[in-house]
Amino acid sequence: MYDDFDEDELDTVFGSWQRSGGMELRLTRNCYKGDDIVDLRLWLGNGKPTRKGVTVALGDIDAVIGSLRAAQAA
């Protein structure tokens, strides 16, 4: 899944939360194939990303945040 990432572009981490089984949930901002993205994904204890997560285009972040706030208020 992440074969096209340049290792130098990976992992500007803005938040991380420990999960069970030695996993970590990370919020990162990256560049993927020239596009700015924000990624919320589970990472293995060995520092490898899993397929479990969501990637959002940077331009969609305000709409996602608005929807999350609406869900929180509901």
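Remember, it's a predicted structure, so these values are computed and weren't measured experimentally.

Student: It is not clear to me how the overall build of the protein should be interpreted in this structure. Could you clarify?
Tutor: A count of helices and strands for the protein gives one helix and four strands. Taken from N to C terminus, the helices and strands of the protein fall in the order β-β-β-β-α. Once local pairs closer than 6 in sequence are excluded, the contacts in the protein between residues at least 24 apart make up 18%. Approximately 5,300 Å² of the protein is accessible, and the part contributed by carbon and sulfur atoms is 51%.

Student: Which parts of the structure should I look at to understand the pattern of salt bridges?
Tutor: Any two side chains of opposite charge can pair, so long as their charged atoms come close to each other. Applying the stated criterion across every chain, the model contains three salt bridges. For Arg29, the salt bridge identified is with Asp36, shortest N-O distance 3.9 Å. Using a relative accessible area of 36% as the deciding quantity, one classes Arg29 as partly exposed.

Student: What should I look at first to understand the pairing of strand β4 (residues 49–57) in this one?
Tutor: In regular strands, side chains alternate between the two faces of the sheet. The pairing of strand β3 (residues 35–43) with β4 spans six bridges and is antiparallel. When the sheet's bridge partners are listed, Asp39 is paired in β4 with Thr55. In sequence, β3 turns back onto β4 through a hairpin of five residues, with Gly47 there showing a positive phi of about 85°.

Student: What should I look at first to understand unusual backbone geometry in this one?
Tutor: The bulk of non-glycine residues show a negative phi, and the bulk of peptide bonds are trans. Residues other than glycine seldom take positive phi values, yet Lys33 does so here, at roughly 50°. By the secondary structure assignment, Lys33 is in the loop between β2 (24–32) and β3.

Student: I would appreciate a short explanation of the packing of aromatic side chains in the present structure.
Tutor: Each aromatic ring pair is characterised by the separation of its centres together with the angle its planes make. Enumeration over the complete set of coordinates arrives at zero aromatic pairs. Directly above the aromatic system of Trp43 lies the positively charged group of Arg26, at a separation of 4.1 Å from the ring centroid.

Student: Is there a simple way to explain helix α1 (residues 61–73) in this structure?
Tutor: Owing to its 3.6 residues per turn, the α-helix aligns residues three or four sequence positions apart on the same side. Given a rise of 1.5 Å per residue, 13 residues ought to cover 18 Å, and the 18 Å separating the end C-alpha atoms of α1 matches this to within 8%. With respect to burial, α1 is a largely exposed element, only one of its 13 residues being buried.

Student: Mind showing me how you'd approach a nonpolar patch on the surface here?
Tutor: On the surface, Trp17, Leu40 and Val54 cluster together into a nonpolar patch covering about 250 Å² of accessible area. Relative to the assigned elements, Val54 resides in strand β4.

Student: Quick question: what am I supposed to make of the sheet that holds β4 here?
Tutor: Within a sheet, neighbouring strands are paired by backbone hydrogen bonds and run either parallel or antiparallel to one another. Pairing is antiparallel across the open sheet formed by four strands, whose spatial order is β1-β2-β3-β4. In this open sheet, the two strands that pair with only one neighbour each are β1 (12–18) and β4. Ignoring strand direction, the axes of neighbouring strands in this sheet form an average angle of 25°. Pairing between β2 and β3: nine bridges, direction antiparallel. Each bridged residue has a counterpart across the sheet, and for Arg29 the counterpart in β3 is Val38.

Rules behind the numbers
Residues numbered from 1 in each chain as written. Predicted model: local features only at pLDDT ≥ 70, side-chain atom pairs only at ≥ 80, totals over all residues. Heavy atoms only, no water. Helix = DSSP H or I, 4+ residues; strand = E, 2+ residues; numbered from the N terminus. Contact = heavy atoms within 4.5 Å. Areas by Shrake-Rupley, 256 points an atom, 1.4 Å probe, with all protein chains shown as cover. Salt bridge = Lys/Arg side-chain N within 4 Å of Asp/Glu carboxyl O. Buried < 20%, exposed > 50% of the residue type's maximum accessible area, 1.4 Å probe, protein only. Pairing = 2+ DSSP bridges. Phe/Tyr/Trp six-rings, centres within 6.5 Å; stacked < 30°, edge-to-face > 60°. Lys NZ or Arg CZ within 6 Å of the ring centre and 35° of its normal. Expected span 1.5 Å × (residues − 1). Patch = residues over 30% accessible without salt bridge, like charges linked within 9 Å, V, L, I, M, F, W, Y side chains within 5 Å. Axes fitted to C-alpha atoms, helices over the stretch in contact; angles between N-to-C directions.

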